[in-house]
Amino acid sequence: MSSKHDAIEAQSKAMRDERRREDDEARGTRFGDQILDTDVYEENARTGYFNYVPGNNDDDDEDDDYASSLPNVKPKAYGPTADILQNIPNIDRNYDPLAEHRRPTIADRENEYQKKRRMIPGRISPERLDYFAEGGKTPDPQAKGRSYAEIMGEIAIRNAKTDTRNQLAERAKAAEGQSSTTANGGASASGEKRRRRWDQTAPADDNDPKAKKIAYDEAVTPAHRMWDATPAPGQSSFDETPVASRTPGAETPHHSATPSNKRNRWDETPRTERETTNSGWAETPKTDRGGMDDVDYIIRSTPTPSTDKRRSRWDETPANATTNGGSFTPVAKEIGVASTPRTSGSFTPGMTPIIATPVGTRAANMATPTPSQIPMTPEQMQAYRWEREIDERNRPLSDEELDAMFPPGYKILPPPASYIPIRTPARKLTATPTPQSTFSGFHIQESAHGQSAQSNQLQEYQPSGNLPLLKPDDLQYFDKLLQEVDEESLTPEEQKERKIMKLLLKIKNGTPPMRKAALRQITDKAREFGAGPLFNQILPLLMSPTLEDQERHLLVKVIDRILYKLDDLVRPYVHKICVVIEPLLIDEDYYARVEGREIISNLAKAAGLATMISTMRPDIDNLDEYVRNTTARAFAVVASALGIPALLPFLKAVCKSKKSWQARHTGIKIIQQIAILLGCAILPHLKSLVEIIEHGLIDEQQKVRTITALGIAALAEAAAPYGIESFDTVLKPLWNGIKQHRGKGLAAFLKAIGYLIPLMDAEYACYYTREVMIILIREFQSPDEEMKKIVLKVVKQCTATDGVEAKYIKEEVLPSFFKYFWNQRMALDRRNYRQLVDTTVEMANKVGSSEIINRIVDDLKDESEQYRKMVIETIEKIMTNLGSADIDSRLEEQLIDGILYAFQEQTTEDTVMLNGFGAVVNSLGKRCKAYLPQICGTILWRLNNKAAKVRQQAADLIQKIANVMKLCSEEKLMGQLGLVLYEYLGEEYPEVLGSILGALKGIVNVIGMTNMTPPIKDLLPRLTPILKNRHEKVQENCIDLVGRIAELGAEHVPAREWMRICFELLELLKAHKKSIRRAAINTFGYIAKAIGPHDVLATLLNNLKVQERQLRVCTTVAIAIVSETCSPFTVLPGLMNEYRVPELNVQNGVLKALAFMFEYIGEMSKDYIYAVTPLLEDAMMDRDLVHRQTAMTAIGHMSLGVFGFGCEDALCHLLNHVWPNIFETSPHVIQAFISAIEGLRVGLGPGRVLYYTLQGLFHPARRVRDVYWKVYNTLYIGAQDTLVTGYPRIVDDNIRPTIDENESLQKRIEKPRNDYARYELDYII
Amino acid sequence: MNSITKARLVNELNEKELQTGSANTHKSWHHVYRESAWIYVGGIDFELTEGDIICVFSQWGEIVNINLLRDKKTGKSKGFAFICYEDQRSTILAVDNFNGIKLAGRAIRVDHVKDYKPPKEHEKDDDLIKTLKELGCAPGVELSSSSSSSSRRKDEKNSTYIKQEPKRFKK
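Taking an unreviewed UniProt entry as the reference, chain B is identified by name as RRM domain-containing protein belonging to Rotaria sordida.

Looking at an unreviewed UniProt entry, one finds chain A named Splicing factor 3B subunit 1, with Rotaria sordida as its source organism. Check the Subcellular location (unreviewed entry) section of the UniProt entry for chain A; it says "Nucleus".

Here you go:
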C-alpha cells in the first residue's frame, strides 16, 4: 500500500513542480522573491525549496468538498515521500524493530506437519444432523445438518473421484510415455498417481488441472463441493472456500474447445485474460494458484502482475487509476494490497473476484463483501502494524493538540494574502478518501467521520462501549463491533451475534477482571445463545494464524465451559469442534495437549458415544494421514472418557475392516494411543485389546504390521509387569516377524518383543532374549535413527533379564556395541544420549563396572565436549550404582586423570561434570588420598579464575568432596581451602557467593566448630553483612551456615553478635523461598538457646507490630520455636504481657504464637493451660473475628496436647466460649471452629461435644440444622463407636405405662413403633 | 519416526554443533564418518534419474559413484540412493546443505554412510553393470591428479575410500 502511496506522492511532486513554475510566472505570488542575497546564495540555490505555504483554508471555490474531505486523508498523506525513502540505503520495510519482544504466535512455532491443518480448506465442517434431537423419533430428513449417510456418500464419491483421476493420469502417462515426452511432464503426471506424501502440497482436488483437462473438460459443474453446503452465519473464510469453484476459467466457454493433451485450458487462461485488461477479470489468474504445485503451471501463470508478490510500478501509478476511469479494478486491487498478497496456497484465491463479482453463496450470505475478511499472514500483519505505528507517530499535530501543548496567548495566523495553495489533480487524488489510507476501504468511512476531531488514529480500533482495543489481526473477526449500530434495530440473531462477539473480544483481549466477567456471562447464557452462533464465532478464531498461546488457552477455556452448559445441544457441532481441537493433541506444548484432551473428553461426555462415533467414523479412513493421526488420538481420548468397553465393539469392527487398510491402520493406532494414554488402566481389557489387533501382525500392508507391533509394544509397556498371558497369541507372529522383516517393520517388531520380555517369567525370558540378541547385534550397525533408538531400548530390557549371562555380553555384545554406538554423533542428540547412557549403565550392572569403565575411560580425553560429558555421566551412574570395589589402581589413576582433564577442559560449566567428579571422588573414598592435593590444586586455581561460572563450579566441588577430604584426614588441606574461601567472601557475583558459602558450610560440617580455620569468631562477623544480600541462593546458604554455627558453636561468638544477627534474621522472615524462612526460624531457636530467650524475644515481640502479614506470621512461628527450645515458662510471661498492648496485630500475633507454641510443645501444654485460659477467654469474647479465630486454633492445639491429663474443667470452660461461634460465616473462622471442636472432641471426649450438638440437630431452621449436622458428622467420623454411649435415651413406645394391653397392641399394629433401645448395652455403659 | 523427523534430527545435530562451536573441527560429528565418502539420499522423487541426482549433488564436489536403488523387475526408482564423492569432505557439505531441502516437491534426507556395501552380484549383470558397480560412473582421474588429490587429503588417514578410487573406464 505504501509504495503505491509513495508513487502517488512522487508523481504529485512532479506535477507540483511543473505547476509551480507556471503559477509563479502567471500570478507572481511568490514571496521572498526579492530578498535573495546573491552574494551569499547561489543564483539557483532555492529552486529546490518550496516557496509557498501549503494550506487548506483557501477561499477558492474550485471545489468545495476539497476542504471538507481533507481530514479523511490525514494519516497516509504524510510521512517520508518515495524519493526520501529511496535515498535511505538498505531500508527494509518489513523489518520489525520489536520482533524479538513480540510474543510468538502458535503458527510461528508449528512445524510443517502441524501446519497442515491450516492448509486444508473447508475443514471446519458444516453442522451435522443430531439423531437424538427429538428423542427416539426418526429424524426428519429435511432437518438442518448433514446426516451420516450423506457424509459417507460424499466421501465415497470423493475417493472414487481420486481413484478415477489417478487411473486417468496413469493412462495419460502411459500414452505420454509412448510418444516419448519430456521427463518433466512425465514426472509431474506420475507424481499425481502416487499417493501424496504429507509434505507435498495437496493439489486441491477439484481444480486439479491434470484431471480436468481430460475428464472434466466440459464440466462447468463444480457445484457439489462439500464446502458449498452450509456456510454458517458467522462468516469466516474458513467456513467456505468460495472462489475455487468460481474461477473464471471454468466459465469461459471459448477455451473449452482446446482439448490438447498437453496444455490445458487452465494453463492458457492468463494469456487471454491479459488481453481483456479492463474487464473485471483482470486479476483472476491468481485464483488458480490454490494448491498448484506444478512448476510448469506456475511459470505460465506468473506473467500477470497480480501474482507477483513484489508489485511492479505498473499498478502503483495513479495514472493507471485515472485512465481506467470508472473501472473498479484498481481500487479493488488496492484493497487487495491492504490485506496483501498472501502466501498460503489454499487461500490465494484472491479477493479480486470477490470484490468485483460477489456471486454465489458468498454474495447471498454477505450483504457487504468486506475485504478484511481475508486473513493476512502474520508477517504482513506485522509489517502493517509497524507501518501504521510509524505513521501514527509522524502524523502532523492537529490544532487541538497544539492548543493543549502551548500556553495560552498564541494565536493562529492566517497565511499571507498572496499565498495560493496548490491545487493539482494529484493532490486531489490523495485528498479523496481512497481506501489506501486505511486498513480496508470499507471501514474508513465510519471511523473517519466520527473521529475527524480526535486525531488519534488508533481509536479506529477502539470499539465503543467499554470494550478492549482491537488488534489489527482481530479485525477480520470483530470488525462488526467497529460499526456504530443501534442495537434495537437489529434482528434478534444479529443482536445475539453482536453480543457474543463482544464477550469473545473481552475474553480475548480484555483485562483479567473484564475477561472473568465475560467468561462467566458467556457460560451462563450459553444455552440462550445456542450452540450454533457460539461455535461459529469461536472456532474460526481458534483457527486464526495469528493466535497466541494465551489467547488459545482462553478460547479453549471458553469452549470447555460452554460445553458443560450446552450438553446435548452440542451434537451437530461435534465435528466442527473436533477439527479445531484435534490439532492441539499433537501440539508440542504439553499443556496444550492436556487442554485438548480435556475438551475432547468433555465433548464426548456431552455428545455421547453414538454421536462421537458417527461423527468421527468418516475420518478414520481419510486419505490424509494427518487427519487419521489426529482422529486416532481423539478416539483414544474418547475411550478414556467413556470407558474402553463401550468402544470395544466399534474398534473391533474398524480393525477388521476389509475395505481399506487405512481404517485398519487407524483402528490399531487408536488402541496404541489408548494404551499410551491410559497406562495400567487398560489391564482389565488387555486380553480383548490384544485380540482386536493381533491379526494386524500378519497384514499384507507393511504400515499396518508396523503399527500393530507398535501397538503391542505400547500395550505391553502399559501393562508391565502383568498380563503376559494376554499376549500369548502374538508371540509367535512377532517371533516370525523379526526373522522375516527388515528395516522399519523390523524395528517395530523388535520394540514389541523388547517390551514383552520384562513381562515374561525368567525361563521364557531367557530363551527369547538369547534369540533376539542375535538380531539386535546384527542391527547395531543400522544407520537408521529409529532402529538405533529401539535397539538401545531393547538391549537394555534384555540385559536386565536373567537370561543373558555376563560372559555372553562381554564377548558378543560389548565390542560391537561400543563400536557402533559410542561416537560423537550419539552424544549430540539429546534422546540418544539418554538412552545410550541408560543402556550402558544397565550393561555395567550385568558385567561389572570395570569392564565398561575400562572401555570408555580413555574417551574422557576425547575432543568433543558433548561426548566427554556422556562418558562422565555414564561413569557417574555406574559408580553410584556399583561402587568402586571393582576398579583397580591403574584404572583408578586413569579415571582421576581423565576426569581432571575433562573438568578443566570444559567450556560450558554445567552440573554433569560437577556431579560426575563428585560421584567418582565420593565413590573412591579413601583411595582418593593420593590425588587430593592435585584436585585441590585444580580447585584453587579455578577459584581464582576470571570467569564467574568457573569459580562457582570450583566452590560447588569443594562442597561435594568435603566429606572425602575428611575421610582421608586431610584437615590441613581443608583448613587451607577454608581460608581461601574466607578470603573470597567479598565475591560480587551472587551465584558464586552462594556457592562459596555452601562450600564453607560443607567444610564446617565435617571439620567441626573448634577446628575450623578461619576460627568461627572471625568467620561469623563476616557473614552478618552477607545476610543482607537479597539473592536467594546467597540468603539460603548463608542462613544455613549461620544456623549451623548457632547450633554447634554458638559459644565462639559474643552474644552481641548474635543479637545483631537476630535483627538481620527478621528480614529473612520475609523471604519468598520457604526453605529460607524455615532456616531463619530454626536459627532463631538456636540463637535463643545460646544467648537466652529474653533478648531474642524482645526483638521478636517488637516485630509483631509491623504491617506485613507474612513477617508477623513468621515472627509468631519464631516465638513459638523459641519458647519450645527455651521452655515455655521463659517466654510465656512476656508473651502474655504483650497481649495487653491494645493493638490488633500484636494481640493476634500473641494468640497465633500461642497456637504455634501449643502445637510444638504438645503434652507440656498441661502445665500452662490454666495460665493461659483467662487470656484465651478474653480473646474468645473479643468482637474481632480474627481474635476468636486464632484463639480457637490455639484451643484446638492445646486440648490435643492435654488429652488425658485431667484438664477437662478448663477445656469445658473454653468450649463454652467456642461454641457460640458455630454460626460464624467466614470460612476461616469456620475452619478454626471445626478444628477447635475436633481438638476438644479428643480432649473432652465426644460425648460432651455431642450434647452440645444435639440441641441443634433438629432445629426448625435449615441453616441451623446444617451446621449442627456438619459438626455431628465430624464427630461421627472421628469417634463413631464412642458416640454410642453419648446418644440420648429415647424410651421405647411399649414401655410407656399403658393402662390397656389391648390398646398398646392395637397401637402396635396401627403405626410403626419405636423400639430401638438396646438394653444389652446397659450392662457395659 | 518418519523421514521428516529424521531429517530434522540431523539438522538439529548441526544446530547444536554451531552453538557449541565444534562445527568444522575434529569434534564434529561428521568426523565419525571421516573414512567414508558415501552419502545416503532418501526421499527422492521417483521420476528423478541417476543423471538428475548427479546434477544436483555434484555442486558439492565431483561424484565418482552413484547407486540409485531400483526395483528389480520394473526398474522403477525406489526413491533412495547412495552417492560417492571424490573428496570425502564433499559429503559434509552435502549433508549440511541438502538434508531436509525440497527436491522436486519432496523433502529429501541426506546422511553419511559409515560402511557402504556395494550391491550384490546379480547373475543378469553384464560387464558394463559389473564395472559400474565396482568402479563407479565417473570419468577416471589421471594418476597425477589422483596423487595430488590424495596429497590434498593427507590428513585423512587410511581412507578406505581410496580403494574405491575409480580408474579410467573404457568400454
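Enquirer: Please give an account of the overall build of chain A that cites residues and values.
Expert: A tally of helices and strands in chain A yields 63 helices and zero strands. Put simply, chain A has 1325 residues, and 52% of those count as buried. Looking at chain A alone, contacts between residues at least 24 apart form 72% of all its contacts between residues at least 6 apart. Carbon and sulfur atoms form 54% of the exposed surface of chain A, whose accessible area is close to 62200 Å².

Enquirer: Residues and numbers for the overall build of chain B, please.
Expert: Within chain B one finds five helices and six strands. Going from N to C terminus, chain B has its helices and strands arranged as α-β-α-β-β-α-β-β-β-α-α. When the 171 residues of chain B are sorted by exposure, 43% land in the buried category. Counting only contacts in chain B whose residues sit at least 6 apart along the sequence, the fraction spanning at least 24 positions is 66%.

Enquirer: Describe the packing of aromatic side chains, with residues and values.
Expert: Residue and element names in this part refer to chain A. Under the definition given, this model contains 30 aromatic pairs over all chains. When the ring of Tyr-590 is compared with that of Tyr-591, the centres are 5.2 Å apart and the planes differ by 80°; the resulting orientation is edge-to-face. The exposure class assigned to Tyr-591 is exposed, which follows from its relative accessible area of 59%. Aromatic ring contacts, followed pair by pair, group Phe-780, Phe-817, Phe-818, Phe-821, Trp-822 and Tyr-867 into a single cluster.

Enquirer: Residue-level account of the interface of chain B and chain A, with values.
Expert: In this assembly, 26 residues from chain B lie in contact with 26 residues from chain A. When the two sides are added together, the surface that chain B and chain A hide from each other amounts to roughly 2500 Å², 50% of it contributed by carbon and sulfur. Run the count over chain B and chain A and you get two salt bridges. A salt bridge links Arg-825 of chain A to Asp-111 of chain B, with the nearest nitrogen and oxygen atoms 2.8 Å apart.

Enquirer: Which residues make up the pattern of salt bridges, and what values go with them?
Expert: In this structure the tally under the stated criterion is 44 salt bridges over all chains. Ionic pairing is found between Arg-8 of chain B and Glu-12 of chain B, a salt bridge with its closest N-O pair at 2.9 Å. Placement of the pair is Arg-8 of chain B and Glu-12 of chain B together in helix H1 (residues 3–20), with a separation of four residues, close to one helical turn. On the basis of relative accessible area, Glu-12 of chain B is assigned to the partly exposed category, the value being 36%. One salt bridge connects Arg-89 of chain B with Asp-87 of chain B, and the closest N-O pair in it is separated by 3.0 Å. A network of salt bridges, in which partner residues are shared, links Glu-785, Lys-788, Lys-789, Arg-825 and Asp-829 of chain A together with Asp-111 of chain B.

Enquirer: Tell me about a positive patch on the surface, residues and numbers included.
Expert: All names here are of chain A. There is a patch of like positive charges on the surface, built from Lys-516, Arg-520, Lys-557 and Arg-561. Looking at the positive patch, the elements with two or more residues in it are helix H22 (512–524) and helix H25 (549–566). Relative to the assigned elements, Lys-516 resides in helix H22.

Enquirer: Tell me about the nonpolar core, residues and numbers included.
Expert: Residues Phe-535 and Leu-1023 of chain A are the most contacted members of the largest nonpolar core, which totals 308 residues. Broken down by element, this core gets its largest block of residues, eleven residues, from helix H33 (residues 702–719) of chain A. Contact partners of Phe-535 of chain A, with chain neighbours within four places excluded, come to Pro-540, Ile-559, Ile-562, Leu-563, Leu-566, Val-570, Tyr-573 and Ile-577 of chain A. One finds Leu-828 of chain A together with Ile-63, Phe-98 and Leu-103 of chain B within the second-largest nonpolar core, a separate group that totals 24 residues.

Enquirer: Please provide a residue-by-residue account of the UniProt feature "repeat: HEAT" (unreviewed entry) in chain A, values included.
Expert: Following the UniProt record, the feature "repeat: HEAT" (unreviewed entry) maps to residues 852–890 of chain A here. Across residues 852–890 of chain A, the secondary structure splits into 64% helix and 0% strand, with the terminal C-alpha atoms separated by 15 Å.

Enquirer: So what about the sheet that holds strand E1 (residues 38–42) of chain B? Which residues, and what values?
Expert: Residue and element names in this part refer to chain B. The sheet built from four strands is open, its strands ordered E2-E3-E1-E6 with antiparallel pairing. In the strand order of this sheet, the two ends are held by strand E2 (63–70) and strand E6 (109–112), each with one partner. Going across the sheet, the axis of each strand differs from the next one's by a mean of 20°, ignoring polarity. Where E2 lies against strand E3 (residues 77–85), six bridges are found, and the strand directions are antiparallel. Pairing of Leu-68 across the sheet is with Ala-81, part of E3.

Enquirer: Kindly report on the environment of Thr-769 of chain A, identifying the contributing residues and their values.
Expert: Residue and element names in this part refer to chain A. As for its position among the elements, Thr-769 is in helix H36 (residues 762–779). Along the backbone, Thr-769 and Asp-802 are 33 residues apart, and their C-alpha atoms lie at a distance of 9.1 Å. Beyond its immediate sequence surroundings of up to four residues, Thr-769 is in contact with Ile-757, Cys-798, Thr-801 and Val-804. Of note is the side chain of Thr-769, whose polar atom sits 2.4 Å from the backbone oxygen of Ala-765.

Enquirer: Can you tell me about the environment of Ile-1039 of chain A, naming the residues and giving the values?
Expert: All names here are of chain A. Its location among the elements puts Ile-1039 in helix H50 (residues 1032–1048). Ile-1039 sits 26 residues away from Leu-1065 along the chain, and the two C-alpha atoms are 8.3 Å apart. In this view, Ile-1039 contacts Leu-1027, Leu-1065, Leu-1068, Ala-1079, Ala-1080 and Thr-1083; residues no more than four positions away in its chain are not counted.

Enquirer: Tell me about a nonpolar patch on the surface, and please be specific about residues and values.
Expert: On the surface, a nonpolar cluster with roughly 460 Å² of combined accessible area is contributed by Leu-397, Met-405, Phe-406 and Tyr-410 of chain A. Looking at where Tyr-410 of chain A falls in the secondary structure, it is placed in the loop between helix H17 (399–405) and helix H18 (425–431).

Enquirer: Residues and numbers for the pairing of E3 of chain B, please.
Expert: Residue and element names in this part refer to chain B. Of all nine residues making up E3, seven are buried, and the element is well covered by its neighbours. Note: E1 against E3, five bridges, orientation antiparallel. Its bridge partner being in E3, Trp-38 is matched across the sheet by Cys-84. Taken together, E2 and the strand that follows it, E3, pair antiparallel across an intervening segment of six residues, in which Gly-75 is found at a positive phi of about 75°.

Enquirer: If you had to explain unusual backbone geometry to someone new, which residues and values would you point to?
Expert: Residue and element names in this part refer to chain A. A cis geometry characterises the amide bond from Ala-720 onward to Pro-721, with omega recorded as 5°. Counting through the fold element by element, Pro-721 comes out in the loop between H33 and helix H34 (728–740). Positive phi, close to 55°, is recorded for Asp-567, a residue that is not glycine. Tracing the backbone through its elements, the reader meets Asp-567 in the loop between H25 and helix H26 (574–581). Positive phi values are uncommon outside glycine, yet Ser-1127 reaches one of about 70°.

Enquirer: Residues and numbers for the environment of Gly-61 of chain B, please.
Expert: Considering the arrangement of structural elements, one finds Gly-61 of chain B in the loop between helix H2 (50–57) and E2. Spatially, the C-alpha atoms of Gly-61 of chain B and Arg-89 of chain B are 8.5 Å apart, while their sequence positions differ by 28 residues.

Enquirer: Hey, could you go over helix H21 (residues 492–509) of chain A for me, with residue numbers and the actual values?
Expert: All names here are of chain A. The terminal C-alpha atoms of H21 lie 26 Å apart, and with 18 residues this matches the ideal 26 Å at 1.5 Å per residue to within 8%. Every buried residue of H21 is listed here: Glu-497, Arg-498, Ile-500, Met-501, Leu-503, Leu-504, Leu-505, Ile-507, Lys-508 and Asn-509. As for H21, its buried residues are in contact with helix H20 (475–478), H22, helix H23 (526–529), helix H24 (531–543) and H25.

Quick notes on the rules
Residues numbered from 1 in each chain as written. Chains lettered and ligands numbered in written order. Predicted model: local features only at pLDDT ≥ 70, side-chain atom pairs only at ≥ 80, totals over all residues. Heavy atoms only, no water. UniProt positions renumbered as here; feature names shortened; annotations may be inferred. Helix = DSSP H or I, 4+ residues; strand = E, 2+ residues; numbered from the N terminus. Buried < 20%, exposed > 50% of the residue type's maximum accessible area, 1.4 Å probe, protein only. Contact = heavy atoms within 4.5 Å. Areas by Shrake-Rupley, 256 points an atom, 1.4 Å probe, with all protein chains shown as cover. Phe/Tyr/Trp six-rings, centres within 6.5 Å; stacked < 30°, edge-to-face > 60°. Buried area = accessible area lost by both parts, 1.4 Å probe. Salt bridge = Lys/Arg side-chain N within 4 Å of Asp/Glu carboxyl O. Patch = residues over 30% accessible without salt bridge, like charges linked within 9 Å, V, L, I, M, F, W, Y side chains within 5 Å. Lys, Arg positive; Asp, Glu negative; His and termini not counted. Charge placed at Lys NZ, Arg CZ, Asp CG, Glu CD. Core = buried A, V, L, I, M, F, W, Y, C linked by side-chain atoms within 4.5 Å. Pairing = 2+ DSSP bridges. Axes fitted to C-alpha atoms, helices over the stretch in contact; angles between N-to-C directions. Polar contact = N/O pair within 3.5 Å; in protein donor to acceptor, adjacent residues only side chain to side chain. Expected span 1.5 Å × (residues − 1).

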